[in-house]
Amino acid sequence: MDDVAAGIDYLADLCVGGVDVDLDRVIVIGHSAGGHLALWGAGRSHARNTSLPGVHIRAVVGLAPVADLAEAYVRKVGGEAVVELLGGPPGQYPDRLRAASPMEMLPLRVRQLILHGTADDAVPIELSRGYARAAEAAGDTVEILELPGTGHMEYLDPDSDAHAILRRWLLASMSEA
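We now turn to the structure provided with this report. Predicted, not measured: the structure shown is a model, and the values here were computed from it. (Residues numbered from 1 in each chain as written. Predicted model: local features only at pLDDT ≥ 70, side-chain atom pairs only at ≥ 80, totals over all residues. Heavy atoms only, no water.)

1. A look at the pattern of salt bridges
Side-chain pairing between opposite charges can occur once the charged atoms of the two side chains come close. What counts here: Throughout this description, the term salt bridge denotes a Lys or Arg side-chain nitrogen within 4 Å of a carboxyl oxygen of Asp or Glu. Labels follow the DSSP assignment, with helices taken as runs of H or I lasting at least four residues and strands as runs of E lasting at least two, numbered in each case from the N terminus. For every residue, the accessible area obtained with a 1.4 Å probe (protein chains only) is divided by the maximum for its type, and the residue is called buried under 20%, exposed over 50%, and partly exposed between those limits.
Scanning the model with the defined rule gives seven salt bridges in all. Across the pair Arg98 and Asp95 runs a salt bridge, and its minimum N-O distance is 2.0 Å. Of this pair, Arg98 and Asp95 both sit in helix α5 (residues 94-100), separated by three residues, roughly a single helical turn. For Arg98, a relative accessible area of 43% translates into the label partly exposed. Across the pair Arg129 and Glu146 runs a salt bridge, and its minimum N-O distance is 2.8 Å. Of the two residues, Arg129 is situated in helix α7 (residues 125-137) and Glu146 in strand β4 (residues 142-147); the sequence distance between them amounts to 17 residues. Look at Arg129 and you get partly exposed, because its relative accessible area is 28%. Its relative accessible area of 35% is what places Glu146 among the partly exposed residues. Each of the salt bridges in this network shares a partner with another, and the network as a whole consists of Glu126, Arg129 and Glu146.

Have a look at this one:
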């Protein structure tokens, strides 16, 4: 997670170095465990009550994200991945869970898109459904798109319908004022 934070923060350094980056139009995107990191990265400044150095994250996209680490632990998503990330079970390290799980960080206070396939056998769609409900209840703007018959990896294929949906959403988001 430190690497994700450093990568987002580095965008401001690029501007200082002369690279033309619009720091007011940043969208963070991640797939699966990367979806967890994207949501975490977008919500981290609110959770820590700090502001990012010049970087304004406009939106975040989770592609079949592991957005709820406690539920992922219960369902054994990724085997022992949650235990490895937290250093033990969530019940043993509740502070680590609160600091690492997007579900525990709500509201993120950034616009969110969650794309998840109904045929995903790696990350159950119920994780995204539960997360989206909780995020909306917390006051976040969340759009969840369930993709019928889509599995876990289709987002990575630039010729897939899942990838086309993502591209259209990104183009629409970037053209908004």
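2. Structural notes on helix α1 (residues 2-16)
The α-helix advances 3.6 residues per turn, and as a result positions three or four apart in sequence lie on the same side. Under the convention used in this document: Expected span of a helix, by definition, is 1.5 Å for each gap between consecutive residues, and there is one gap fewer than residues. Each residue is assigned a bend, namely the angle between axes fitted to the seven residues that terminate at it and the seven residues that start at it.
The terminal C-alpha atoms of α1, which comprises 15 residues, lie 21 Å apart, in line with the 21 Å expected from a rise of 1.5 Å per residue. At Tyr10, α1 shows its largest bend, some 25°. Turning to α1, its buried residues number three or more, namely Ala5, Ile8 and Ala12. Residue Gly18 follows α1 closely and has a positive phi angle near 100°.

3. Quick word on the environment of Ala137
With respect to the secondary-structure elements, Ala137 resides in helix α7. A C-alpha to C-alpha distance of 8.7 Å links Ala137 and Pro107, two positions 30 residues apart in sequence.

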